[in-house]
Amino acid sequence: MSPPLVEASAISRSYAMRSGMFGRSTAVHAVDGVSLAIAKGETLGLVGESGSGKSTTGRIVLGLEPPDRGEVRFQGKPMAAPGTTAWRAQRARMQMIFQDPLGALDRRLPVGTQIREPLDIHGVGTPAEREERVRELLRAVELTPAHGTRYPGALSGGQRQRIVLARALATKPDFLVCDEPVSALDVSIQAQVVNLLADLQAQLSLTLLFISHDLRVVRQISNVVAVMYLGRIVEIGSADDLFARPEHPYTQALVSASPAPGRRSAGRIVLSGDPPNPAARPQGCAFHPRCPRAVARCASEVPILAAVGGNRQVACHLVMGAATRDAA
Ligand code: SF4
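Just so you know, these numbers come straight off a predicted model, no measurement behind them.

S.K.: Help me understand helix 10 (residues 249-256) in this model?
M.R.: Spacing of three or four residues puts side chains on the same side of an α-helix, whose turn is 3.6 residues. Where burial is concerned, most of helix 10 is hidden: seven out of the eight residues are buried. Among all positions of helix 10, only Pro249, Tyr250, Thr251, Ala253, Leu254, Val255 and Ser256 are buried. Where the residues of helix 10 are buried, they touch strand 3 (43-47), helix 8 (215-221), strand 9 (224-229), strand 10 (232-238) and helix 9 (239-244).

S.K.: Quick question: what am I supposed to make of the packing of helix 4 (residues 111-121) against helix 5 (residues 127-140) here?
M.R.: For any two helices packed against each other, the geometry is given by the interaxial angle and the distance between the axes. Two elements in contact, helix 4 and helix 5, have axes separated by 9 Å at closest approach and are oriented at 125°. Between helix 4 and helix 5, the angle is such that the two are oblique. Between helix 4 and helix 5 lies a crossing of right-handed hand. Of the residues in helix 5, those in contact with Gly112, Ile115, Arg116, Leu119 and Asp120 of helix 4 are Arg130, Glu131, Arg133, Val134, Leu137 and Leu138. Along the lines of polarity and charge, the residues of the contact of helix 4 with helix 5 split into five nonpolar, one polar and five charged.

S.K.: Please explain the site of the ligand as it appears in this structure.
M.R.: Surveying the vicinity of the ligand reveals 13 residues, the closest of which are Cys285, Cys291, Cys298, Cys316 and His317. The site holding the ligand turns out to be the largest cavity. Looking at side-chain class alone, the shell around the ligand contains nine nonpolar, three polar and one charged residues.

S.K.: Whenever I open this one, the domain arrangement of the protein chain confuses me. Can you help?
M.R.: The figure often quoted for interface size is the accessible area lost as the parts come together. By domain assignment, the protein chain separates into domain 1 (4-93 + 173-327) and domain 2 (108-171). Centre-to-centre, using C-alpha coordinates, domain 1 lies 31 Å away from domain 2. Between domain 1 and domain 2, the residue contacts involve 15 residues of the former and 12 residues of the latter. Taken together, the links from domain 1 to domain 2 amount to zero salt bridges. Counting the contacts that link domain 1 with domain 2 gives three residue pairs in polar contact (both at pLDDT 80 or more). Of all the secondary-structure elements, those providing two or more residues to the side of domain 1 that touches domain 2 are helix 2 (85-92) and helix 7 (187-204). It is helix 7 that provides the largest number of residues to the side of domain 1 that touches domain 2, a total of seven residues.

S.K.: Explain the side chain of Arg13 here, please?
M.R.: Here Arg13 lies in strand 1 (residues 6-19). Accessibility expressed as a relative area gives 17% for Arg13, which makes it buried. A distance of 2.8 Å separates a polar atom in the side chain of Arg13 from a polar atom in the side chain of Glu65. If we ignore the near neighbours within four places in the chain, the residues touching Arg13 are Val28, His29, Ala30, Val31, Thr56, Ile60, Glu65, Pro66 and Asp68.

S.K.: Quick question: what am I supposed to make of the layout of surface pockets here?
M.R.: Empty space left among the atoms is revealed by rolling a probe the size of a water molecule over them. In this structure, the largest pocket encloses a volume near 460 Å³. The wall of the largest pocket is formed by 16 residues, among which Arg91, Gln95, Met96, Pro118 and Arg167 lie closest to the centre. Of all the elements in the fold, those that place two or more residues in the lining of the largest pocket are helix 2, strand 6 (94-97), helix 4 and helix 6 (157-169). Of the residues contributing to the lining of the largest pocket, the split by class is nine nonpolar, three polar and four charged. Each of two domains, domain 1 (4-93 + 173-327) and domain 2 (108-171), supplies a minimum of three residues to the lining of the largest pocket.

S.K.: How should the environment of Ser258 be read in this particular structure?
M.R.: Within the secondary structure layout, Ser258 lies in the loop between helix 10 and strand 11 (306-309). Ser258 gets classed as buried once you look at its relative accessible area, which sits at 13%. C-alpha separation for the pair Ser258 and Leu215, spaced 43 residues apart in sequence, amounts to 6.4 Å. Aside from chain neighbours lying at most four places away, what touches Ser258 is Leu215, Arg216 and Arg219.

S.K.: I keep staring at the pattern of salt bridges and nothing clicks. Help me out?
M.R.: Side chains carrying opposite charge are able to pair once their charged atoms draw close together. Tallied over the full model, the rule gives 22 salt bridges. A salt bridge links Arg73 to Glu71; the nearest nitrogen and oxygen atoms lie 3.3 Å apart. Residue Glu71 is classed as partly exposed on the basis of its relative accessible area, which comes to 31%. Measuring nitrogen to oxygen at the nearest pair gives 3.3 Å for the salt bridge that ties Asp241 to Arg245. Each of Glu235, Asp241, Arg245, Glu247 and Arg312 takes part in salt bridges that share partners, so that together they form one network.

S.K.: Whenever I open this one, the nonpolar core confuses me. Can you help?
M.R.: Proteins that are soluble and globular tend to have nonpolar side chains buried together. Residues Ile163, Leu165, Leu176, Leu197, Phe210 and Val225 are the most contacted members of the largest nonpolar core, which totals 51 residues. Domain assignment of the residues forming this core places at least three in each of domain 1 (4-93 + 173-327) and domain 2 (108-171).

S.K.: Explain helix 1 (residues 54-61) here, please?
M.R.: The element helix 1 is extensively covered by neighbouring structure, given that six of its eight residues are classed as buried. Those residues of helix 1 that sit buried are Lys54, Thr56, Thr57, Gly58, Ile60 and Val61. Once helix 1 ends, the next one or two residues include Gly63, with phi positive near 80°.

Conventions used here
- Residues numbered from 1 in each chain as written.
- Predicted model: local features only at pLDDT ≥ 70, side-chain atom pairs only at ≥ 80, totals over all residues.
- Heavy atoms only, no water.
- Buried < 20%, exposed > 50% of the residue type's maximum accessible area, 1.4 Å probe, protein only.
- Helix = DSSP H or I, 4+ residues; strand = E, 2+ residues; numbered from the N terminus.
- Contact = heavy atoms within 4.5 Å.
- Axes fitted to C-alpha atoms, helices over the stretch in contact; angles between N-to-C directions.
- Parallel < 35°, antiparallel > 145°, perpendicular 65-115°, else oblique.
- Left-handed = near helix turned anticlockwise from the far one by under 90°.
- Nonpolar A, V, L, I, M, F, W, Y, C, P; charged D, E, K, R; others polar.
- Near = heavy atom within 4 Å.
- 1 Å grid on protein atoms, 1.4 Å probe; cavity = no way out; pocket = protein on both sides within 12 Å on 5 of 7 lines; lining within 4 Å.
- Sits in = over half its atoms within 2 Å of the grid points.
- Domains from an automatic or database assignment.
- Salt bridge = Lys/Arg side-chain N within 4 Å of Asp/Glu carboxyl O.
- Polar contact = N/O pair within 3.5 Å; in protein donor to acceptor, adjacent residues only side chain to side chain.
- Points joined across faces, edges and corners; volume = space filled by probe spheres on them.
- Core = buried A, V, L, I, M, F, W, Y, C linked by side-chain atoms within 4.5 Å.

As structure tokens, then:
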């Protein structure tokens, strides 16, 4: 079997946060022991509420910030040290699509110039070849070369995100991290941009890490889905199987709130308690204060992410107990 294009092994990242009257410093574990492997041409959907560590995971995987522990490998090699020539060469193969296209673009420059920028930086081709590549990229994202002369403020939100996508594709990357790429767009435009991304992925054999809190769009594009809660993966498995049969109580609640198109929800599971706060991680299973199925041991023992059959892994004492009984 070929190695994954991107692999994160037990990556962790903490930040110091000052709190209280005396400004006491506490460590906030944004990402805690996350392992992911994404095969070439595959999309891994990373879901979870705000504060779950999805975006930090994406930034570490992309080499934008180093992990405190663990390792990221790209095309079988460890990520090079930031700022080195090897790191720049790796980074040209990996790009990021952000949530806010207007924030990602310079309002003072025509968008064609901004698409050409990565080609200028990496010295790709002659000036005429770069101009031709910009026209080609505009057509690839279903815009026209004329759009290249416009400024970001003169484009719609969907058109701006297409420009961001064209710019990300300029250096012919293998891997894209898409962090909430359609959350800022109207619902009617979201599906168009996700469909375009899926088409480009198929044409260009792109590998995607698709980060979103919205299961509807994750379902549309992902082969594999990982669910995060307070910095850890609590469930991971193939998308169709996970959406059809969520095992972890948190995944069950998320899926119940986002039924498949054309299907009625079997009954929404409404979670009580506070949303996740990385600065106040509960003992034991971090989800236990909100979990409708919590038992006594959940408040003291951290459940380990473990295989429960097929390619599914789940971190839950009850699911593991049932899997162990089934196997006996
Ligand atoms: Fe709920 Fe306990 Fe499973 Fe955590 S370990 S998800 S609290 S049942």
